[in-house]
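# Examining the three-dimensional arrangement
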Amino acid sequence: SSGINAEYGVVSSMYLDRDYACPPPILVDIVKYAKNTNLGLVVGMDSNAHSQYWNSTIKDHVGKRRGEELLSAILEQDLFLSNRGTEPTFDNGRWSNIIDLTLTNSKIMNQIINWKVKRTGCKSDHIPIMFGIGTDGPVSKRSFKNYKRTDWDVFRQTVTQKITNSSIMELEISNKEELEAANNMLTQILNDSANECCPTTYVSATTRDPPWATEEVNKAFQIMIDDLRVALTTKDDADWTRARES
C-alpha cells in the first residue's frame, strides 16, 4: 500500500499475458479488496489489449478480443481510465501502440493529475508513464468526453463530410497493409468526428460527490453501463442504438 492524501491506498502493477485470461482474476480480487476496505486504487498494467476506447490501434484479432474483454471488465468493476492523449506507451522500433493503462477506482480517480507519457533515455520498449496523486502544487483540469451528450445527427453529418473530403473512397485495397491503412483512416475520421460533436466535460480534482449524483442519476448510469455491456457482447445494431440512447 502507499500513502495517498493522508489516507492509505492500494497501488498495483500488472502484466496481462496474451496467453491467459483477460482480465486476470486477481484484478477483480484487488478491486473487491479496495472497495471492502474503502481504499483508493491505482492499477498500472501492461494490458496487451487493443481498444479504441484508449486510442489503441487494433493490431490483430487477439488484441481486439482482449480489448473488448478488458473494457467490459472496466465497466463492470466501476474502474476509470486515466490515460490521456494518443502518444504510444509501447515502441519496439518495429511497431508502436497504446497498451499500458492506468486504472483507478472512484475514490481516487479525481486525484490523478498531469498524466502523461514521457519519453526519456529509458531503454525499455515500454515508455515511462508519469502522473501525480493529490492536489498539492499546480493541478491541470481533468477532462473527459461524455458521449451521452453527443449530437448524433451532427456526428453523422460530420462523418459524411469528412469521408467526402478524404481519399478513403478512392483507395484500392488488394492486401492486408492497404486494408489496415484504410481502417486507420476510417478510425481517425470517426474519432475526430466524435471529438468535434461531443462537448468536453471538466471535473475538479476533489473526491467529494457532486450535487447531481443522486440515487436516480446513479440508477440511470447503471442502466447505461448495462446497455453498453450488452452491446459489447452482442455487437447488434439495435443494442448499440439502445446503448447510445440510454
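In this report, the structure presented in the accompanying data block is examined. If you're wondering where the values come from, they're calculated on a predicted model, not measured in any experiment. (Residues numbered from 1 in each chain as written. Predicted model: local features only at pLDDT ≥ 70, side-chain atom pairs only at ≥ 80, totals over all residues. Heavy atoms only, no water.)

Time to look at the nonpolar core. Ranked by internal contacts, the top residues of the largest apolar core, which has 21 residues, are Leu 41, Met 45, Trp 54 and Leu 70. Apart from the residues within four sequence positions on either side, Leu 70 is in contact with Cys 22, Pro 23, Met 45, Ser 47, Ala 49, Trp 54 and Leu 101. Of all hydrophobic cores here, the second largest spans 6 residues; its members include Ile 108, Ile 112, Trp 115 and Ile 127. (Core = buried A, V, L, I, M, F, W, Y, C linked by side-chain atoms within 4.5 Å. Buried < 20%, exposed > 50% of the residue type's maximum accessible area, 1.4 Å probe, protein only. Contact = heavy atoms within 4.5 Å.)

Here the focus is the state of the cysteines. Every disulfide links exactly two cysteines, by a covalent bond between their sulfur atoms. Tallied over the entire structure, the rule returns 0 disulfides. Cys 198 takes part in no disulfide bond, and the closest cysteine sulfur, belonging to Cys 197, lies 8.7 Å away. (Disulfide = S-S within 2.5 Å.)

Now for the environment of Thr 37. Among the structural elements, Thr 37 can be located in the loop between helix 1 (25–36) and strand 3 (40–46). Residue Thr 37 is classed as partly exposed on the basis of its relative accessible area, which comes to 35%. Put simply, Thr 37 and Gly 9 are 28 residues apart on the chain and 9.5 Å apart in space, counted from C-alpha to C-alpha. (Helix = DSSP H or I, 4+ residues; strand = E, 2+ residues; numbered from the N terminus.)

So, on to the packing of aromatic side chains. Going through the model one piece at a time under the given rule, you end up with 3 aromatic pairs. On the basis of an interplanar angle of 85° and a centroid distance of 6.4 Å, the ring pair of Tyr 53 and Trp 54 is categorised as edge-to-face. Among the residues examined, Tyr 53 registers a relative accessible area of 47% and is labelled partly exposed. The buried category is assigned to Trp 54, whose relative accessible area is 2%. (Phe/Tyr/Trp six-rings, centres within 6.5 Å; stacked < 30°, edge-to-face > 60°.)

Further remarks concern unusual backbone geometry. The linkage connecting Cys 22 with the following residue, Pro 23, adopts the cis geometry, with an omega of 0°. Mapped onto the elements of the fold, Pro 23 is located in the loop between strand 2 (7–15) and helix 1. Located in the positive-phi region is Asp 78, a residue other than glycine, with phi close to 55°. Looking at the secondary structure, you find Asp 78 in the loop between helix 2 (61–76) and strand 4 (80–81).

At a minimum axis distance of 9 Å, the contact between helix 3 (residues 152–165) and helix 4 (residues 176–197) shows a crossing angle of 140°. Taken together, the axis directions place helix 3 and helix 4 in an arrangement best described as oblique. For the pair helix 3 and helix 4, the sense of crossing is right-handed. Side by side, helix 3 and helix 4 meet where Val 154, Phe 155, Thr 158, Val 159, Lys 162 and Ile 163 of the first sit next to Leu 186, Ile 189, Leu 190, Asp 192, Ser 193, Ala 194, Glu 196 and Cys 197 of the second. Its residues assigned to classes, the contact of helix 3 with helix 4 shows 9 nonpolar, 2 polar and 3 charged. (Axes fitted to C-alpha atoms, helices over the stretch in contact; angles between N-to-C directions. Parallel < 35°, antiparallel > 145°, perpendicular 65-115°, else oblique. Left-handed = near helix turned anticlockwise from the far one by under 90°. Nonpolar A, V, L, I, M, F, W, Y, C, P; charged D, E, K, R; others polar.)

Here the focus is the side chain of Ser 12. Relative to the elements of secondary structure, Ser 12 occurs in strand 2. For Ser 12, the residues in contact, after removing those within four places along its chain, are Ile 30, Val 42, Val 43 and Gly 44.

Turning next to the environment of Val 42. Mapped onto the secondary structure, Val 42 falls in strand 3. A relative accessible area of 4% means that Val 42 is categorised as buried. Taking the C-alpha atoms as reference, Val 42 lies 7.8 Å from Ile 108; in sequence the two are 66 residues apart. Beyond its immediate chain neighbours, meaning those up to four positions away, Val 42 contacts Val 10, Val 11, Ser 12, Thr 102, Leu 103, Thr 104, Ile 108, Ile 112, Phe 131 and Ile 133.

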